[in-house]
Amino acid sequence: MHGTRCPARIALACALVGAVLAGCASLAPPDEVPTLALTDQWKSEAPAGWVDAGARQDWQSGRWWAMFGDAQLDALVPGVEAGNQNIALAVASVAQAQALLTQARAQLAPTVGAQLGTQRSGSSAGGSASLGLNASWAPDLWQRLGDAARAQQASLQASEADLAGARLAAQASLAQAYFSLREADAEIGLMDEIIVGYERAATITGNRYAAGIAAHTDLLQAQSQLAGARSTRASLARSRATYEHAIALLLGRPPAAFALPAAPWVARVPAVPPGVPSELLLRRPDVAAAERTVAAANARIGVARAAWFPSFTLSASVGGGASDLARLVSAPTLAWSLGAALAQTLLDAGARDAALAQTLLDAGARDAALAQAVAAHEGASASYRQTALTAMGQVEDQLTALAALATQIDHQKAAAEAAAGAEQRIMNSYQAGISAYTDVVSAQASALSARRTLMQLQLQRQQAAVALVQALGGGWHAAGADSAGADTAASPG
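Residues numbered from 1 in each chain as written. Predicted model: local features only at pLDDT ≥ 70, side-chain atom pairs only at ≥ 80, totals over all residues. Heavy atoms only, no water.

Caption draft 1: Summary view of the packing of aromatic side chains. On inspection of all chains with the given rule, the structure shows five aromatic pairs. For the pair Trp-64 and Trp-65, a centre-to-centre distance of 5.8 Å together with 80 degrees between the ring planes defines the contact as edge-to-face. Each residue in the set Trp-64, Trp-65, Phe-68, Tyr-178 and Phe-179 is aromatic and connected to the rest through ring pairs, giving one cluster. Taking NZ or CZ as reference, Arg-208 lies 4.9 Å from the ring centre of Tyr-430, over its face. (Phe/Tyr/Trp six-rings, centres within 6.5 Å; stacked < 30°, edge-to-face > 60°. Lys NZ or Arg CZ within 6 Å of the ring centre and 35° of its normal.)

Caption draft 2: Main features of the nonpolar core. Trp-64, Leu-73, Leu-76, Leu-174, Phe-179 and Ile-247 are the most contacted members of the largest nonpolar core, which has 60 residues in total. Listed by contribution, the elements that provide at least two residues to this core are helix H2 (71-76), helix H4 (85-106), helix H5 (144-210), helix H6 (216-250), helix H11 (365-431) and helix H12 (437-471). Looking at this core, the element that brings in the most residues is H5, giving 18 residues. For Leu-73, the contacting residues outside a window of four places in its chain are Trp-65, Leu-174, Ala-175, Tyr-178 and Phe-179. Core analysis: the second largest hydrophobic core is formed by eight residues, Ala-201, Ala-202, Tyr-430 and Tyr-437 among them. (Core = buried A, V, L, I, M, F, W, Y, C linked by side-chain atoms within 4.5 Å. Buried < 20%, exposed > 50% of the residue type's maximum accessible area, 1.4 Å probe, protein only. Helix = DSSP H or I, 4+ residues; strand = E, 2+ residues; numbered from the N terminus. Contact = heavy atoms within 4.5 Å.)

Caption draft 3: Inspection of the side chain of Gln-444 at higher detail. As for its position among the elements, Gln-444 is in helix H12. Apart from the residues within four sequence positions on either side, Gln-444 is in contact with Tyr-198, Gln-225, Glu-423 and Met-427.

Caption draft 4: Region of interest: H12. Counted at 1.5 Å a residue, the expected span for H12 with its 35 residues is 51 Å, and the 50 Å between its end C-alpha atoms agrees. Two residues or fewer past H12, Gly-473 is found with a positive phi of approximately 85 degrees. (Expected span 1.5 Å × (residues − 1).)

Caption draft 5: View of the packing of H6 against H12. Between H6 and H12, the least distance of the axes is 9 Å, while the angle of their chain directions is 15 degrees. Relative to H12, the element H6 lies roughly parallel. The two elements H6 and H12 cross, and the hand of that crossing is right-handed. Contacts between H6 and H12 involve Asp-218, Gln-221, Ala-222, Gln-225, Thr-232 and Leu-236 on the former and, on the latter, Tyr-437, Thr-438, Val-441, Gln-444, Ala-445 and Arg-452. Of the residues that constitute the contact of H6 with H12, the class distribution is five nonpolar, five polar and two charged. (Axes fitted to C-alpha atoms, helices over the stretch in contact; angles between N-to-C directions. Parallel < 35°, antiparallel > 145°, perpendicular 65-115°, else oblique. Left-handed = near helix turned anticlockwise from the far one by under 90°. Nonpolar A, V, L, I, M, F, W, Y, C, P; charged D, E, K, R; others polar.)

Caption draft 6: Region of the structure containing the pattern of salt bridges. Taken as a whole, this structure holds nine salt bridges when the rule is applied. Among the ionic pairs, Glu-81 bridges to Arg-167, the shortest N-O distance being 2.6 Å. Of this pair, Glu-81 sits in helix H3 (residues 78-83) while Arg-167 sits in helix H5, and the two are 86 residues apart along the sequence. For Glu-81, a relative accessible area of 40% translates into the label partly exposed. Judged by its relative accessible area of 23%, Arg-167 falls in the partly exposed class. (Salt bridge = Lys/Arg side-chain N within 4 Å of Asp/Glu carboxyl O.)

Here's what the structure looks like:
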């Protein structure tokens, strides 16, 4: 009875070995992107003049900052790629992930080694040399190595997405700092103009006081107002220097070695398409990185499952003296050995008992490793969904901000014009001796505040546009709408 089972067992063993050498299917679950509850359109309505989301296939990513029409910004942003250290760190992370992927793939290939030795006899110059070659190969029985390589490839793609995210974040930060600096330039220019007017008003008031026409309090108010304006200008200069330092650091330069001369502020806000959620998921680096992390976690489930199955190594060795080098490639000299663990598993009925004993003695370690891999996949899926939802919320926030700021700017322009008119009328009334100087001071303060508020709103709208660029994962350009819908203005004030 035993003799009749032996040939069948050997035949089964040979069939199993053949199947193993041919490769087995991956034990990882199908790689599927976690589902998201998407909507067809954004909650916030796009402002008039914005392109329809159906034109998204015409968008061009890349030099998104060029849409703001500022030549100086155009020249600065490319320097981020060369000098920003956060980008350099992300580049190094990509290189590290690429090296790890190469290592993972190398484990799928045979390993070949060589040994060279010499032996001398007595005091004579004679001796012998020997050269030995050895090779080993671990067949990927249950796609454990293949799944590990696929997991590392997904990790590499996530690192590449992180690099894109670091690049976009640095570019956006530089644009934000640059617009803040230019707005500070515009406010400093406004304060210079105001200071000239206050100096003239203080001189006139001083002459009126000397002539006995104006009260001393009028002179004191004029002097106080002038000193306050100069203090405000100094504060703006300090803020400008801070923005300039931030730009230098983003470019990877020491602040002392970088200077950006004052220039007119181009308060332009380009026409930004609102996009759709599906497009958002394709464009945002952090969403892409989160999705690739899910894929890597999915492949690691296969690696954990493969730990339950046997593995073996095929090895070969060749040895001989220096005079036998011609025999190294001779097939009869190759000695192949099959790992004892697999041979026992396939050919020895007692191997099942041994495997069971090993399973009982690992105290559930492999079960725990598999459970950990499954939980990691679930966690990565939840993180992906949350990242996508956060991205959608950020887009909605910036769309809402752009629409609200456009309305605020319209109202503030009207307020600034009215305040300027009131200031002029009260000044004329004061010079005619009808109004008190306190009325002049109040009118001038209101006019200045209205003009500065207008500039700050225009800056906020520019920054909201940059934030929307970042929320959508990069730049865009609608074909045939290079400047359509863009709000362009020269330096305010």
